[in-house]
Amino acid sequence: RELCGGADGWMRVLTHPETGMVLSVGRDQYRTPAALRQLVEWRAATCMAPGCGTPARRCQIDHQLAWEHGGTTELTNLGPLCVGHHTIKHHGGWCVRQIPDSGGALEWKSPGGRRFVVRPERKVPVFRPAPDDDRTSEATAPF
Ligand SMILES: [Zn+2]
């Protein structure tokens, strides 16, 4: 356990307890692993900017809370944005945040104060253990 805990070659991977889908690699890796990217693209089929129809497979995967500000590579912090909207998000004066417990909805606030909410087409099933489940501390997931 000591050898594994201190080794640089290991990466923590959080998977969905029922489906085995990759949900997070935390701060271990900036680049979105293929399985997690696939899930992000399944959840939102197009760019998550208001009115944009660019297919997700042609988008960049945005870290809603930027990596350099402590953001993680996990489903609750990722969404597809086309190159143009990704640039606008970071340099256009817009405020963009993922709405907590919304299943990946993004709230965009324009520099002029207008608010837009963009919801993904699909929701990833939420796993919540039963209250009497003794594995609660191990099985609790933020989804
Ligand atoms: Zn776009």
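1. With respect to the pattern of salt bridges
In this structure the tally under the stated criterion is four salt bridges. Among the salt bridges present, the one from lysine 89 reaches aspartate 62, with a minimum N-O distance of 2.9 Å. Here aspartate 62 lies in strand E3 (residues 60-63) and lysine 89 lies in helix H3 (residues 83-91), a separation of 27 residues in the sequence. The two residues lysine 89 and aspartate 62 agree in class, both being buried. Arginine 97 is the salt-bridge partner of glutamate 107, the closest N and O atoms lying 2.9 Å from each other. Residue glutamate 107 is located in strand E7 (residues 106-109), and its partner arginine 97 is located in strand E6 (residues 95-98); the two are separated by 10 residues in the primary sequence. What makes glutamate 107 buried here is its relative accessible area of 6%.

2. Considering the sheet that holds E6
A sheet is described by the order of its strands in space; here three strands give the open sequence E6-E7-E8, paired in antiparallel fashion. Because the sheet does not close on itself, it has two edges, and the strands there are E6 and strand E8 (115-118). Across the sheet, the mean angle from the axis of one strand to that of its neighbour is 15°, orientation sign disregarded. Here E6 runs beside E7; their pairing, made up of four bridges, is antiparallel. Bridging across to E7, arginine 97 finds its partner in glutamate 107.

Calculation notes
- Residues numbered from 1 in each chain as written.
- Predicted model: local features only at pLDDT ≥ 70, side-chain atom pairs only at ≥ 80, totals over all residues.
- Heavy atoms only, no water.
- Salt bridge = Lys/Arg side-chain N within 4 Å of Asp/Glu carboxyl O.
- Helix = DSSP H or I, 4+ residues; strand = E, 2+ residues; numbered from the N terminus.
- Buried < 20%, exposed > 50% of the residue type's maximum accessible area, 1.4 Å probe, protein only.
- Pairing = 2+ DSSP bridges.
- Axes fitted to C-alpha atoms, helices over the stretch in contact; angles between N-to-C directions.

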